[in-house]
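A closer look at the structure
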Amino acid sequence: MRYDQHVLPNGLTIVGEYNEDAQSVAIGFFTRTGSRDETPELSGVSHFLEHMMFKGSERRSAEEVDLEFDAMGARYNAFTSEENTVYYGAVLPEFQERLIDLLADMLRPSLRQDDFDTEKKVILEEIAMYKDRPQFTVYILARETYHHGHPLGNSVLGSTESITALQRDQMMDYFRRRYAPNNMVVTLTGKYDWNAAVAQIEQTCGGWAQGDSSRTVTEPDALPLERMQPDPKRDRVYLCAVAPAPSAQDDARYAAEVLAEVLGGGEGSRLYWALVHPGIADSADMSYSEQDGAGAFFVSATCDPERTTEVIDLLRSTLATAQNDGMSDDEIARARRKLASALVLRAETPMGRLVTVGFDYVYRRRIEPLAETVDKLLAVATDDVDALLRPKPFDKLTLVGYGPLAEAS
Amino acid sequence: MPQPIQTFQLDNGLTVVVEPMPHLRSAAFTLLLPAGSATDPDGQSGAAQLVNGMVYRGAGERDARALSNALDDLGVQRGGGVGVEYTTHSGALLADDLEAALALYADIARRPLLPEAELDAERALALQAIQSLNDNPTQRLFVELAKVYFPGPFGRSTLGEVDELQRIDHAALQADHAARYQPGGGVLTVAGGVEPERVREIAERLFGDWQGSPPPTPQPQARTEPHYQHLQQATNQTQIAVAYPSLTLDDPDYYHERLALNVLSGGMASRLFTEVRTKRGLVYSVFAGPRLYKGLGLVLSYAGTQPERAQECIDVLLGELRRVSEGVTEDELARARTGLLAALVMQGESTGARASAMASDLFLIGRPRSLDEIRGAVDAITLDSLNRYLRQHPAHDFAVLTLGPAPVEITSNV
């Protein structure tokens with residue numbers, strides 16, 4: 001592995017992790033913008049705009065964008081979160097230049113009115129699709145409840161109402177503010193030609209004008225809330241709980257990964273033994289989510305409606321026991337090992353590294369070599385995890401339930 | 001560059017296949033046993049699912065917790081699950097620990113404790129998975145579509161049936177494990193930073209003295225006439241699924257069919273995405289893809305749309321599925337070819353993807369396909385040969401299933 005970095009005069013940063021043994025190159029344009037950067041009347045605009053980027057520029061129609069991706073045999077997509085929007089593709093190395101040309105061109109979109117109107121229907125379909133997915137519904141409710149007014153609780157998709165009301169000119173204005181080169185990072189992983197990439201990006205994107213795309217970063221005021229949202233149409237109960245965790249800029253994030261793995265990293269975790277192994281709930285997981293200035297632990301579980309109270313009690317007591325009594329060295333060692341192994345396996349492919357490398361730079365302005373991340377994970381000690389538990393984060397657990405709760409005892 | 005794949009046949013019928021990827025420190029494996037829902041004992045639909053869960057509740061010298069800890073100590077990323085024709089137990093980890101991991105999986109497959117005290121817990125998980133179906137309309141749609149398309153054992157849900165799961169007692173579970181977890185017809189694939197000869201030795205030592213064969217899997221029998229059925233459910237989107245006959249992986253025309261499917265549903269420029277989503281905004285998700293069984297192939301297609309647009313959506317979808325028989329363009333063929341081959345090259349970078357793809361090939365056609373073989377077959381297809389094939393083999397006998405607040409009209413079903 002080799003690490004590369006270059007900053008253009010307009011602030012656009014290009015970073016790379018080169019892998020001689022790879023057979024493909026993955027390229028992503030990372031923009032530091034998402035639903036947390038939206039005002040209520042713009043709710044959902046980041047994600048809708050992400051769709052619109054595929055609808056063409058001055059140089060290309062929507063059809064020509066799709067045709068160009070497919071002519072390269074690219075694996076490609078884009079995603080929007082609360083704080084990042086990422087456009088990416090993986091191709092054989094011979095197509096590096098064409099992929100950069102296409103992604104860079106897409107990110108100066110025309111936002112034509114007829115494309116806007118048609119794509120609005122697709123967004124409304126996507127919102128309808130997620131309404132049929134209760135795991136997603138409860139996650140959104142939990143985010144909103146936990147953040148109670150903090151922008152990290154904003155919905156990425158927006159609502160049927162906000163999307164219906166959104167106008168093309170509002171989107172264009174948002175685009176101009178947020179897609180400034182000083183708010184973007186281009187990431188390459190795999191077998192790339194660095195000098196060619198830098199020269200091409202400089203030529204294509206060097207003229208993009210800087211802008212003020214700042215973001216106010218505050219910590220949410222975590223509170224021990226509980227919210228039960230009945231929906232008689234559901235057959236099962238979906239639980240999601242949120243607690244404060246280290247931010248993406250905090251070195252304690254490695255310990256946070258280990259903590260979440262011990263408690264809820266699937267089979268072999270404490271929540272698994274307490275809830276899934278005995279058949280009380282059919283899933284119970286926990287994950288750590290790094291975010292700009294404020295991280296969070298997410299716990300989720302699914303169960304029969306009649307067992308809701310029992311599952312909530314077990315979930316809470318599992319977290320409380322960890323918080324009061326700490327964790328054993330053995331558990332910590334196993335969790336470290338699982339996480340390190342997962343990281344190495346994901347790194348087999350350029351695509352598997354792209355988002356990790358890109359977010360490294362977006363959040364921390366530094367690419368951490370894979371070997372260093374592995375070492376840091378393997379160095380997490382029981383004391384480091386204890387230090388996270390000492391302020392009692394689970395005393396501020398926000399818990400949300402969704403499903404046929406009238407039947408719950 | 002890809003190294004040659006090596007195949008070793010053990011005397012007991014287990015085939016061992018190894019793809020060395022010398023630049024990687026990681027390795028992945030798949031142990032495939034022909035124990036799927038199609039061979040669940042009569043009246044015990046869901047048996048393979050129960051066995052699959054129970055084998056992890058202790059094996060060899062270890063109880064459930066010791067086994068789980070041993071896997072985690074090795075950093076094994078666990079995978080696998082129950083399908084219609086087989087169950088897979090798979091994992092990925094650092095290559096240095098492969099031997100220790102395979103020793104644990106030999107215990108899991110051959111010497112599970114199947115503790116009677118834990119059967120009800122495992123059953124509770126299986127029942128909850130079935131209970132979840134109404135809350136996952138797309139999953140429910142495909143479970144029901146299989147029932148519509150395959151009147152016999154291939155239509156059974158891999159999740160099982162509530163009343164039949166409740167009937168499986170501990171003796172039945174033990175008997176089923178003894179009958180179906182057998183090396184005959186099984187496959188062990190390994191891909192990654194490993195020496196093929198060394199893997200053969202390990203496999204011989206861990207699995208060589210295992211003897212027996214599972215009951216044969218019946219030949220899949222599909223419905224052979226057009227069919228439409230609607231399931232009433234108050235969903236936000238109407239779920240649309242279409243199944244129709246296609247080719248098996250060892251059919252000489254398979255790659256014609258595969259390329260045609262890429263024209264229909266490869267990337268965003270493919271026909272379904274363009275016509276159903278890009279031009280009309282009818283869906284977020286639409287696709288068609290191959291579903292391969294041993295001795296039978298079909299195409300599965302899906303679209304999800306809000307009820308007021310379901311009629312337009314299915315009209316456009318079926319229209320596109322039919323229209324392929326009128327032929328594709330040179331550009332479409334070129335994109336389909338490039339897309340298929342690029343996806344294969346990228347699959348070749350991942351140990352897990354390779355171990356899984358080789359296991360599937362072994363089961364379906366008895367040997368792994370190399371990248372060169374597929375490239376040769378795909379390059380041999382011309383626009384003329386593809387369009388001739390499509391003209392002679394129009395999509396036909398659609399089995400259509402919708403799920404949502406209201407049915408649709410199927411205007412003309414071939």
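Because the structure is a prediction, the values reported are computed rather than measured.

About the thresholds
Residues numbered from 1 in each chain as written. Chains lettered and ligands numbered in written order. Predicted model: local features only at pLDDT ≥ 70, side-chain atom pairs only at ≥ 80, totals over all residues. Heavy atoms only, no water. Contact = heavy atoms within 4.5 Å. Salt bridge = Lys/Arg side-chain N within 4 Å of Asp/Glu carboxyl O. Polar contact = N/O pair within 3.5 Å; in protein donor to acceptor, adjacent residues only side chain to side chain. Nonpolar A, V, L, I, M, F, W, Y, C, P; charged D, E, K, R; others polar. Buried < 20%, exposed > 50% of the residue type's maximum accessible area, 1.4 Å probe, protein only. Helix = DSSP H or I, 4+ residues; strand = E, 2+ residues; numbered from the N terminus. Pairing = 2+ DSSP bridges. Domains from an automatic or database assignment. Buried area = accessible area lost by both parts, 1.4 Å probe. Axes fitted to C-alpha atoms, helices over the stretch in contact; angles between N-to-C directions. Core = buried A, V, L, I, M, F, W, Y, C linked by side-chain atoms within 4.5 Å. Phe/Tyr/Trp six-rings, centres within 6.5 Å; stacked < 30°, edge-to-face > 60°.

Observations regarding the interface of chain B and chain A
On the side of chain A, 59 residues touch chain B, which itself brings 63 residues to the contact. Summed over the shared surface of chain B and chain A, the result is 6 salt bridges. The residue arginine 334 of chain A makes a salt bridge to aspartate 73 of chain B at a minimum N-O spacing of 3.9 Å. Scanning the region where chain B abuts chain A turns up 31 residue pairs in polar contact (both at pLDDT 80 or more). Looking at the side of chain B that touches chain A residue by residue, the class counts come to 22 nonpolar, 27 polar and 14 charged.

Some thoughts on the pairing of strand β8 (residues 187–192) of chain B
Residues and elements named next belong to chain B. Taken across its 6 residues, β8 has 6 buried, putting it largely inside the fold. In this structure, strand β2 (residues 15–20) lies alongside β8, joined through 6 bridges in parallel fashion. Bridge assignment links proline 20 to a residue of β8, and that residue is glycine 192. Sheet topology places strand β3 (residues 26–33) next to β8; 6 bridges connect them, and they run antiparallel. Across the sheet, residue alanine 27 finds its bridge partner in β8, namely glycine 192.

Topic: the environment of aspartate 379 of chain B
Residue and element names in this part refer to chain B. Mapped onto the secondary structure, aspartate 379 falls in helix α14 (residues 371–379). Take aspartate 379: its relative accessible area is 44%, and that puts it in the partly exposed class. Placed 191 residues apart in sequence, aspartate 379 and leucine 188 show a C-alpha to C-alpha distance of 30 Å.

A look at the domain arrangement of chain B
All names here are of chain B. Per the domain assignment, the segments making up chain B are domain 1 (6–207) and domain 2 (227–404). The C-alpha centroid of domain 2 is placed 28 Å from the C-alpha centroid of domain 1. Facing the 33 residues of domain 1 at the interface are 39 residues of domain 2. For the pair domain 1 and domain 2, the summed buried surface comes to about 2800 Å²; carbon and sulfur atoms form 75% of the total. Between the two partners, domain 1 and domain 2, sit 1 salt bridge. As a salt-bridge pair, glutamate 19 and arginine 354 come within 2.9 Å of each other at their nearest N and O atoms. At the boundary of domain 1 and domain 2, one finds 7 residue pairs in polar contact (both at pLDDT 80 or more).

A word on the sheet that holds strand β4 (residues 75–80) of chain A
Residue and element names in this part refer to chain A. Overall, mixed pairing links the 6 strands, which are arranged β1-β2-β6-β3-β5-β4 in an open sheet. Each edge of the open sheet carries a strand with a single partner, namely β1 (2–7) and β4. Pairs of neighbouring strands in the sheet enclose a mean axial angle of 10 degrees, with direction left out of account. Strand direction decides the pairing type here: strand β3 (residues 25–31) and strand β5 (residues 85–91), joined by 7 bridges, are antiparallel. From the neighbouring strand, phenylalanine 30 faces β5, where its bridge partner is valine 86.

Digging into unusual backbone geometry
The backbone of arginine 365 of chain A shows a phi angle near 55 degrees, a positive value even though the residue is not glycine. With respect to the element layout, arginine 365 of chain A can be found in the loop between α13 (350–364) and α14 (370–378). Although it is not a glycine, aspartate 397 of chain B sits at a positive phi angle of roughly 55 degrees. For aspartate 397 of chain B, the location among the structural elements is in the loop between α15 (383–392) and β13 (399–404).

A short note on the nonpolar core
Counting residues in hydrophobic clusters, the biggest one holds 118 residues, and the most contacted among them are Phe29 and Phe69 of chain A together with Leu321 of chain B. In this view, phenylalanine 69 of chain A contacts Phe54, Ala74, Tyr76, Leu99, Leu102, Leu103 and Met106 of chain A; residues no more than four positions away in its chain are not counted.

Points about the sheet that holds strand β8 (residues 237–245) of chain A
Residue and element names in this part refer to chain A. An order of β7-β11-β8-β10-β9 is seen for the 5 strands of this open sheet, with the pairing classed as mixed. Among the strands making up the open sheet, the edge pair consists of β7 (226–230) and β9 (283–289). Across the sheet, the mean angle from the axis of one strand to that of its neighbour is 15 degrees, orientation sign disregarded. Relative to strand β10 (residues 295–303), β9 runs antiparallel, the two sharing 7 bridges. Bridge pairing links tyrosine 288 to phenylalanine 297 in β10. Together, β7, β8, β10 and β11 (398–403) form the strand contacts of helix α5 (residues 134–147), whose direction differs from that of β8 by roughly 35 degrees.

Thoughts on the side chain of arginine 253 of chain A
Residue and element names in this part refer to chain A. Structurally, arginine 253 is set in helix α9 (residues 253–264). Within the local environment of arginine 253, its side chain forms a polar contact with the side chain of tyrosine 254, the two groups lying 3.0 Å apart. Leaving out residues up to four positions away in the same chain, arginine 253 has contacts with Pro246, Ser247, Ala248, Tyr288, Glu290, Arg364 and Glu368.

Some details on the pairing of strand β10 (residues 238–246) of chain B
Residues and elements named next belong to chain B. Taken across its 9 residues, β10 has 8 buried, putting it largely inside the fold. Bridge count between β10 and strand β12 (residues 296–305): 9 bridges; the pairing is antiparallel. Each residue of the ladder has a partner; that of alanine 241, found in β12, is tyrosine 302. Pairing between β10 and β13: 5 bridges, direction antiparallel. Counterpart to glutamine 239 in the pairing with β13 is leucine 403.

Here we look at the packing of aromatic side chains
This model, assessed by the stated rule, comprises 29 aromatic pairs over all chains. With a centroid separation of 5.3 Å and 50 degrees between ring planes, the pair formed by tyrosine 139 of chain A and phenylalanine 298 of chain A is classed as tilted. Taken together, the residues tyrosine 139 of chain A in helix α5 and phenylalanine 298 of chain A in strand β10 connect sequence positions 159 residues apart. The interplanar angle of 75 degrees and the centroid separation of 6.4 Å between the aromatic rings of tyrosine 56 of chain B and tyrosine 105 of chain B together place this pair among those described as edge-to-face. Of the two residues, tyrosine 56 of chain B is situated in the loop between α1 (47–54) and β4 (58–59) and tyrosine 105 of chain B in helix α3 (residues 98–110); the sequence distance between them amounts to 49 residues. As far as burial versus exposure is concerned, tyrosine 56 of chain B and tyrosine 105 of chain B are alike and both buried. In this structure an aromatic cluster arises from ring pairing among Phe54, Phe69, Tyr76, Tyr87, Phe175 and Tyr179 of chain A.

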